[in-house]
Every structure is written in structure tokens, then in C-alpha cells.
Amino acid sequence: MYLSKSKYCKLCQCPKILWLEKYKPDEAVEDASAQARFDTGNRVGDLAMGLFGEFTEVTAYKPDGTLDLDSMIAKTAELVARGEDNICEASFSHNGLYCAVDILKKQDGGYTIYEVKSSAHVKHVYITDVAYQKYVLEKCGVNVTGTYVVNINSDYVRRGALELDKLFKITDVAQFVGEEYSEVEQNVAAAEALLSRADEPNIDIDVYCSSPYECAFFEYCKRAHGVPNPSVFDLYNLALAKKVAAYKNGLVSFDKLRNSELCKNKLRARQVDFALRELGTYIDKSDIRRFLDRLTYPLYFLDFETMQLVVPEYDGSKPYSQIPFQYSLHIIREKGGDAEHKEFLAEPEIDPRRALAERLVSDIPQGVTTLAYNKNFECARINELAKLFPDLSERLCSIRDGMVDLIVPFHNGSYYNRAMGGSFSIKSVLPAIFPNDPELDYHNLDGVHNGSEAMDIFPRMKNMPPEEREKARKNLLEYCKLDTYAMVKILRELERVAE
């Protein structure tokens, strides 16, 4: 058995995850954002290593690029034996159990565990993680004198050089680890029994399928338990706990759900009805006309792309701030007129906010109607820019005050197409309305297909060679352009059905 701390946490979430990873790994659905989260974790972990001054890191690699665990374990044992003060990635192994401690600090006649996380909150799963580490270390003969979680202080505002003591906050979790520790030995024994069995454990779907982490095997388990497609798990705007409760009560298929309490909501009722009757599009012309009557030409269609940096890079920014670095703008001067296009994409080496704000107020006049899809996001970014740049505040707030949300006719049920399923995001609405238009297919874009990919690519551009950087820039522009062009096409569809 090989049980790392991440595998142990998966065991505690749902033992079936651990079994499927070993015996049916191909059934996992790839998480497109996993690598970005991994890179963020590494960045935060590397910074935290310097919290307590000088340190020794034991990370080592084999020629093929994989971690050399044997070397790391041996090096850790040598450093502990000679009483090294701060050891990072300190590695221990005992009877198939393995863990690497982010920071192991010599303290109070023994060693203290510091587990580093990029989250702004201390979650229960972190306690589970630390309890397992303490168990392994004590089995290896280490006197564990304290247990702490190091995570991000979301209130920290960067001013000048990065201040590690303010960026991070340290929480003593000894009490909670003590409560969790008593279960580790029993869980380890359960893991050994689980991983040695050839038959798949019969564990049903429940809320732990998404807590504390989304399970990569959720779609597999739905099939294994005979969940039809669509099902209660596809219902619009319903918490997973309520979906699970319905599932356990036999309300799984849309046919069973049709007359249930869950479908007293008009949008869920329409979703179920249109799927069962294989209907196409529902249109409330009066509601759509009322929405369109709010719009005055010229119309400006705006979409931002942002990056969410855990470690703030710019003065005045906090961890996890949404930093806008790009926008696309389509403009229609009069009803039925052609759409013009303007765009902005910052250079990745500098704080993009001032240049973006200046261009934005230049491109959008005061007092006009600006359309955004799910406008709360764009409005929040504009509010932040207005606060950051008082000299631009009046013009920025004018853009915000003139903003209309294009999601409204879909969100309130005035326009519904069965192909939207349970989602009114632009990525669901666009292909539902225009299913066979390759010009409007995000899958046909090169390199950037969604906001997460844009968020990941832009900060990496500064380290790209010129040719790769230019290609990334082109891909970002094409992606953001499609977002606002999609809005133009959606508005024209609303105008068409309202006539």
C-alpha cells in the first residue's frame, strides 16, 4: 500500500475515490483547472518556506523528472538527526504511509508541523491532512510538539515589497487535530483493506461527491447507480444536498420529478416539461419586448477578462483580487446596424488596471447603454477601478450606471430552449440558440476556450518566448471578441422573436 496525505484525505471524503483511482483511473473526468491550482499551490508553498528564516528544502528529482522519494526521506532523516531548525518538504515513510511536511520547525524539544494552504480559510480537510501527518511522523519516532495551518490573509493589501508575515496567517489547530487523530489508525487499516480488494465498493451518491472537493468520478458513479440523463442532478438552481435527498427518495428521472415539489419552481418545471415532451423553444414576447424597450442606441457590448492572483503582485491589490487585464467591446450605432469592434489587452509585465481604465472611458461615452452578460461581474470590476482611480471615477460610474444585463430574459424564463438544460450561462445559451454555427462555437477557438484558460495564460505570457507570446495574445483577443460578438447575436435573436 502507498498512502500519501492527499490519498488519505480522499479516503476520508469517500473510500470509493481511492479504490477507483487504483482500479479504474480512466473513468476520472479530467479537471481542466487542476494544473493552474497546482501551480498556485506551489507558488504559495515556495513563498511560505521563508516564513521562519533560513531553511533547508529536501525536494529531489529523478532523471525522468519524478520526485525521488527515497532520497527525500533519507535526507530528511539526516537533517532531523542533526537537529536542523527548518526543513521544507520534510519527507517520512512508514509501512506504506508517506507524507511530506510543508514546513517542519524545530520547537519545544521536538518538531512542529506547519501545513501551508493557498486558501483564505482553514477547512476541516486541512485538519484531516495534518492529523495524518502527525500520525506518520510519530510512527517514524518524531516528537510532534505542535500542529499549525498556514494560509492566506485575505485582508492583506500589498504596499511595496511583499510582506510574508502579513500575507500569511498561522492558526494553531492542535485541539482539532487531537480530535481527528484518534481515527487515523482505523482509517489507515480501512485503506489497506480497501485497496487489497478486487471488487468495487458499493458506496452510493451523496453530498460528499462534491465536498470538500469535486469528485472526478461523479459521472461514473451516476452511471454505475443507474442515474438517467437528464436527472435530478441536472435541475436548474438547486443545491446538491436537495438533489441528493430527492435521489434517495426515488425522485431521480424527470418523469418522476414532473409533479414533485421541486418543480413548483417555474424554471425547473419548464426544464423538465420541455425535456419530457421534446419541445424546442419557449418565448414570452411581451416580457422580451419590455426588456428590449429599456435599451437605447447606440449599444455597447462589454466583457472583461480577469486574473485572480492568490499572491498580490500590484500595489493596492489583495489576495484573490479580480484584476481585469482585457476587454472586448462591440458597438451597434443604430438598430439593424453593423457591429463595430474595439478591444484592449494589457502587457503582462505591468499592472494592467490604469491603462485598461483609461482606454475603457475613452471607448465608452457617458450616458450610453452598455450590455453585459451577468453584469454583476463587470459592475464589480468597474467599482474597484473607480475606487482605485478617483480621477476616472465619474466616467467609470457612468458606464456602470448605464449597464443592462443581457442574461435577464433567460434568467427570468422569457426565453428558454431545451438544449440549455439547467444553465443560462452564455456558454449554454449560445449553442442552444445557434447549434450549427461554427463561427459561434467556442470549441473551434485556438488555445483559449473559456475564462479559466484566459486567467491562466495571461500571467504566463511574460515568460514566453516572442513567438509563443504573440500566439497567446492572438488567442486571448479572439476568445474575448467571441464573448461580445455572442452577445450581439443573442440580442438580435431576442429582437427577432419579439417582432
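Each remark here, short or long, concerns the structure printed above.
Quick notes on the rules
Residue indices follow the written sequence of each chain, beginning from 1 at its first position. Selection of residues for local features in this predicted model requires a pLDDT of at least 70, selection of side-chain atom pairs for listing and counting requires 80 or more, and totals for whole chains, interfaces and linings are taken over all residues. With hydrogens and water stripped out, all remaining heavy atoms of the structure feed into the side-chain values. By the convention used here, strands pair only if DSSP detects at least 2 bridges between them. A run of H or I in DSSP becomes a helix once it reaches four residues, and a run of E becomes a strand once it reaches two; helices and strands are each numbered from the N terminus. Axis lines are fitted to C-alpha atoms, over the contacting stretch for helices. Their N-to-C directions set the angle, which ranges from 0 to 180 degrees. A cavity here means a set of 1 Å grid points, computed over protein atoms only, where a 1.4 Å probe fits but cannot escape. A pocket is an open set with protein on both sides within 12 Å along at least 5 of 7 lines, and lining residues have an atom within 4 Å of a point. Grid points are joined across faces, edges and corners, and a volume is the space filled by probe spheres set on the points. Centres within 6.5 Å make a pair out of two Phe, Tyr or Trp rings, where for Trp the six-membered ring is used; the pair is then stacked when the planes are under 30 degrees apart, edge-to-face when over 60, and tilted otherwise. Buried means the residue's accessible area, taken with a 1.4 Å probe over protein chains only, is under 20% of the maximum for its type, while exposed means over 50%, and partly exposed covers the values in between. Either the NZ atom of lysine or the CZ atom of arginine qualifies as a charge over a ring when it sits within 6 Å of the ring centre and within 35 degrees of the ring normal. By definition in this entry, angles of less than 35 degrees are roughly parallel, angles greater than 145 are roughly antiparallel, angles of 65 to 115 are roughly perpendicular, and the rest are oblique. When checking whether two residues touch, look at their non-hydrogen atoms; a contact exists if any pair is within 4.5 Å. The classification used treats Ala, Val, Leu, Ile, Met, Phe, Trp, Tyr, Cys and Pro as nonpolar, Asp, Glu, Lys and Arg as charged, and all other residues, Gly among them, as polar. Throughout this description, the term nonpolar core refers to a set of buried Ala, Val, Leu, Ile, Met, Phe, Trp, Tyr and Cys residues connected via side-chain atoms within 4.5 Å. The arc in question is the one traced by the directions running from the helix axis out to the C-beta atoms. Residues adjacent in sequence count toward polar contacts only when both atoms are side-chain atoms; beyond that, a polar contact is any pair of N or O atoms within 3.5 Å, and within protein one must be able to donate a hydrogen and the other to accept it. Each reported salt bridge corresponds to a side-chain nitrogen of Lys or Arg within 4 Å of a carboxyl oxygen of Asp or Glu. In this charge count, Lys and Arg are treated as positive and Asp and Glu as negative; neither His nor the chain ends contribute. In what follows, a disulfide is any cysteine sulfur pair within 2.5 Å.

## Considerations on the sheet that holds strand β12 (residues 403-405)
- On the basis of which strands lie adjacent, the open sheet formed by five strands has the order β10-β9-β8-β11-β12 and mixed pairing. Two strands bound the open sheet, and with one partner strand each, they are β10 (339-345) and β12. Strand-to-strand, the axes of this sheet are offset by a mean angle of 30 degrees, without reference to chain direction.
- As paired strands, strand β11 (residues 369-372) and β12 are joined by three bridges and run parallel to one another.

## Side note on the layout of surface pockets
- Estimated volume of the second largest pocket: approximately 460 Å³.
- Surrounding the second largest pocket, 21 residues form its lining, D303, Y373, F377, K427 and Y479 being those nearest its centre.
- Every element with two or more residues in the lining of the second largest pocket is listed here: β8 (299-309), α15 (375-388), α18 (426-433), α19 (451-460) and α20 (466-498).
- Considering every element that reaches the lining of the second largest pocket, the biggest residue donor is β8, with four residues.

## Thoughts on the packing of aromatic side chains
- Enumeration according to the criterion identifies 17 aromatic pairs in this entry.
- Where Y135 meets Y181, the ring centres are 6.2 Å apart and the plane angle is 55 degrees; that geometry is what we call tilted. On the criterion of sequence distance, the pair formed by Y135 in helix α5 (residues 124-139) and Y181 in helix α7 (residues 174-181) is long-range, its members being 46 residues apart.
- Its relative accessible area of 8% is what places Y135 among the buried residues.
- Taking 6.5 Å as the distance between ring centres and 80 degrees as the angle between the ring planes, the aromatic pair formed by F274 and Y282 counts as edge-to-face.
- The structure contains a cluster of three or more aromatic residues connected by ring pairs, namely Y236, F274, Y282, Y416 and F424.
- When the ring centre of Y181 is taken as origin, the NZ or CZ atom of K134, which lies over that ring, is 5.0 Å away.

## Regarding the pairing of β8
- Most of β8 sits inside the fold, with ten of its eleven residues counted as buried.
- Pairing of β8 with strand β9 (residues 321-332) involves eleven bridges; the strand directions are antiparallel. In the sheet register, D303 faces β9, and the bridge partner there is S328.
- Where β8 meets β11, three bridges bridge the pair, whose relative direction is parallel. Bridge pairing in β11 links Y300 to T370.

## Side note on the packing of α15 against helix α16 (residues 393-401)
- Remark: α15 packs on α16, axes separated minimally by 9 Å, with the N-to-C direction vectors making an angle of 170 degrees. Between α15 and α16, the angle is such that the two are roughly antiparallel. Seen from α15, the contacting residues are C379, I382, N383, L385 and A386; seen from α16, they are S393, L396, C397, I399 and R400.
- When its residues are assigned to classes, the contact of α15 with α16 shows seven nonpolar, two polar and one charged.

## Section: the nonpolar core
- Core analysis: the biggest nonpolar cluster contains 79 residues, and L371 and F410 have the highest contact counts within it.
- The biggest single contributor to this core is α20, with 13 residues.
- Residues within four places of F410 in sequence aside, it is in contact with Y373, Y415, M420, F424, V429, I433, I490 and L494.
- By size, the runner-up hydrophobic cluster in this structure holds 64 residues, among which are L11, A60, Y135 and L235.

## Focus: α19
- Listing the buried residues of α19 in full gives A454, I457 and F458. All buried residues of α19 fall inside an arc of 100 degrees around its axis, so they share one side.
- Next to the buried residues of α19 lie β8, β9, β10 and α20.
- The opening residue of α19, the one whose side-chain oxygen lies 3.1 Å from the backbone nitrogen of S452, is N450.

## Comments concerning the pattern of salt bridges
- As enumerated under the stated definition, the model contains 33 salt bridges in all.
- R333 is the salt-bridge partner of E340, the closest N and O atoms lying 2.8 Å from each other.
- Of the residues examined, R333 reaches a relative accessible area of 41% and is grouped as partly exposed.

## Topic: the side chain of K105
- Tracing the chain through its elements places K105 in strand β3 (residues 97-107).
- D85 provides the closest opposite charge to the buried, salt-bridge-free K105, at an N-O distance of 6.9 Å.
- Not counting the four nearest positions on each side in its chain, K105 is found in contact with F52, D85, N86, G110, Y111, T112 and Y114.

## Re empty space enclosed by the protein
- The full count for this structure, using the stated rule, is two cavities of 30 Å³ or more.
- Space inside the largest cavity adds up to approximately 80 Å³.
- Taken together, 13 residues make up the lining of the largest cavity; nearest its centre are C14, Y208, C209, C215 and C221.
- Looking at the lining of the largest cavity, the elements that each hand over two or more residues are α2 (15-23) and α9 (218-224).
- Looking at the lining of the largest cavity element by element, the count peaks at three residues for α2.
- Class assignment of the residues belonging to the lining of the largest cavity gives a composition of eleven nonpolar, no polar and two charged.
- At the level of elements, β8 and α19 are the ones that each hand at least two residues to the lining of the second largest cavity.

## Overview of the state of the cysteines
- By the definition in use, this model includes zero disulfides.
- In this model C215 remains outside any disulfide bridge; the closest cysteine sulfur is found in C221, 5.9 Å from its own.

## Some thoughts on the packing of helix α14 (residues 353-363) against α15
- Viewed as axis vectors pointing N to C, α14 and α15 meet at an angle of 105 degrees, and their least axial separation amounts to 11 Å. Taken together, the axes of α14 and α15 lie roughly perpendicular to each other. Within the contact between the two elements, α14 uses R353, L356, A357 and L360 and α15 uses I382, L385 and L388.
- Of the residues belonging to the contact of α14 with α15, the class tally is six nonpolar, no polar and one charged.

## Details of unusual backbone geometry
- Between S211 and P212 the backbone carries a cis peptide bond, its omega angle lying at 5 degrees.
- One can find P212 in the loop between α8 (184-196) and α9.
- Here E278, not a glycine, exhibits a phi torsion of approximately 55 degrees, which is positive.
- Mapped onto the elements of the fold, E278 is located in the loop between α12 (266-276) and β7 (281-283).
- Its identity is not glycine, yet Y320 carries a phi of approximately 70 degrees, on the positive side.

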